[in-house]
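Residue-level structure breakdown
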Amino acid sequence: TTAGTCPNTSTQTVEIAALAQVNNVYSMQFDGTNDYIDLGTMPAFSADFTWSAWIYPTIQPIGTVYRMIYTQGTSATAPYFALRGTKLHFYSPQSGVYETIAGFIPYGQWSHVSVVRESNVINLYKNGVVEGSGDAMTGAVASSIGQIGKYFNLSAFWNGKLDEVALFNTALTATQLLSIYNATETGKTADLNDLTTPPIAWYRM
């Protein structure tokens, strides 16, 4: 924390401490054809949530081609977090389609990406910075099969690397997401259990 002068009588504190780190020299490679990870039945996300991951597309995303990061469900109404071309993309039957407009995900390098639902508003982040927000989402993400790297119907397979996929049943703040990004360096990533509310599932890859 750091002290400062406020223009009124309130007291404010700002979290500036860096997150702890864990060793990280591996990730999972997906071929874009038939590679994926089946997580089994995942719990429901009934209110605020965060899905986050480090992504490394190995080919230039183009047009409206979908590449799945994470999906939860076994039908066409399954909520998912993906790339659509070069844009971050989130879908749920309660919110419809939402994607970043100005955001751009490069290929051939790592980016940290997150979808955050807070008070029924969807926000999409890249490298700890919000890239777009707005669409309302009501209702819950139902408990269902979770999958990393593909859509429910054996399509939209991820092409490239994925790492540190984490699911939270809380909305991480912009400060927390930036701290995850800033804690990463060669051979190290943020220890997500160091957050105030750790993830309910964390796939180190």
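If you're wondering where the values come from, they're calculated on a predicted model, not measured in any experiment. (Residues numbered from 1 in each chain as written. Predicted model: local features only at pLDDT ≥ 70, side-chain atom pairs only at ≥ 80, totals over all residues. Heavy atoms only, no water.)

**Some thoughts on unusual backbone geometry**
Excluding glycine, residues mostly carry a negative phi; peptide bonds, for their part, are mostly trans. Backbone geometry at L154 places phi at a positive 55°, although glycine is not the residue there. Looking at where L154 falls in the secondary structure, it is placed in the loop between β12 (144-148) and β13 (159-168). Under the relative-accessibility criterion, L154 is labelled exposed at 55%. One non-glycine residue, M205, lies in positive phi territory at about 65°. Relative to the assigned elements, M205 resides in the segment after β15 (201-203). (Helix = DSSP H or I, 4+ residues; strand = E, 2+ residues; numbered from the N terminus. Buried < 20%, exposed > 50% of the residue type's maximum accessible area, 1.4 Å probe, protein only.)

**Here we look at the environment of N182**
Tracing the sequence through the fold places N182 in helix α1 (residues 174-182). You can call N182 exposed: its relative accessible area is 54%. Taking the C-alpha atoms as reference, N182 lies 8.6 Å from L19; in sequence the two are 163 residues apart.

**Notes on the pattern of salt bridges**
For the coordinates displayed, the defined rule picks out 1 salt bridge. Between R204 and E164 there is a salt bridge, with the nearest N and O atoms lying 2.9 Å from each other. Of this pair, R204 sits in the segment after β15 while E164 sits in strand β13, and the two are 40 residues apart along the sequence. (Salt bridge = Lys/Arg side-chain N within 4 Å of Asp/Glu carboxyl O.)

**Focus on the confidence of the model for the protein**
Residues with a pLDDT of 70 or more make up 88% of the protein, whose mean pLDDT is 87. Below a pLDDT of 50 lies the segment residues 11-16, which in the model reaches 8 contacts outside its immediate sequence neighbourhood of four places, other chains included. (pLDDT = per-residue confidence, 0-100. Contact = heavy atoms within 4.5 Å.)

**Focus on the environment of L162**
Here L162 shows up in strand β13. With 132 residues separating them along the chain, L162 and F30 place their C-alpha atoms 7.8 Å apart. Dropping the residues within four chain positions of it, L162 is found in contact with S27, M28, F30, W54, I55, I69, W110, I148, G149 and M205.

**Things to note about the environment of I69**
Note that I69 resides in strand β5 (residues 66-72). The exposure class assigned to I69 is buried, which follows from its relative accessible area of 1%. Aside from chain neighbours lying at most four places away, what touches I69 is A53, I55, F81, A82, L83, V113, Q147, I148, G149, W158 and L162.

**A closer look at the pairing of β12**
With 4 of 5 residues buried, β12 lies mostly within the body of the structure. Across 4 bridges, the pairing between strand β3 (residues 37-42) and β12 is antiparallel. Each bridged residue has a counterpart across the sheet, and for T41 the counterpart in β12 is I145. Strand direction decides the pairing type here: β5 and β12, joined by 3 bridges, are antiparallel. Opposite Q72, over in β12, you have G146 as the bridge partner. (Pairing = 2+ DSSP bridges.)

**Here we look at the nonpolar core**
By size, the foremost hydrophobic cluster in this structure holds 28 residues, and its most contacted members are W51, I55, I69, F81 and F90. Elements with a minimum of two residues in this core: β3, β4 (49-57), β5, β6 (80-84), β7 (87-92), β9 (111-118), β10 (121-126) and β13. With 4 residues, β4 is the single largest residue contributor to this core. Here W51 is in contact with F45, Y70, P79, Y80, F81, F90, V113, S114, V115, V141, A166 and L167, once residues within four sequence places are set aside. Among the nonpolar cores identified, the runner-up in size contains 15 residues, and L177, I180, A183 and W202 belong to it. (Core = buried A, V, L, I, M, F, W, Y, C linked by side-chain atoms within 4.5 Å.)

**Considering a nonpolar patch on the surface**
On the surface, V129, L178 and Y181 cluster together into a nonpolar patch covering about 230 Å² of accessible area. Residue position: L178 is located in helix α1. (Patch = residues over 30% accessible without salt bridge, like charges linked within 9 Å, V, L, I, M, F, W, Y side chains within 5 Å. Areas by Shrake-Rupley, 256 points an atom, 1.4 Å probe, with all protein chains shown as cover.)

**Re the packing of aromatic side chains**
Taken as a whole and assessed by the stated rule, the structure comprises 13 aromatic pairs. Consider the rings of W51 and Y70, whose centres lie 4.9 Å apart with planes at 80°: the pair is edge-to-face. Taken together, the residues W51 in strand β4 and Y70 in strand β5 connect sequence positions 19 residues apart. Y70 carries the same exposure label as W51, and that label is buried. Among the aromatic side chains, those forming a connected cluster through ring pairs are F45, F49, W51, Y70 and F90. Directly above the aromatic system of Y36 lies the positively charged group of K150, at a separation of 4.7 Å from the ring centroid. Positioned above the aromatic ring of Y56 is the side chain of K161, whose terminal nitrogen or guanidinium carbon lies 4.7 Å from the ring centre. (Phe/Tyr/Trp six-rings, centres within 6.5 Å; stacked < 30°, edge-to-face > 60°. Lys NZ or Arg CZ within 6 Å of the ring centre and 35° of its normal.)

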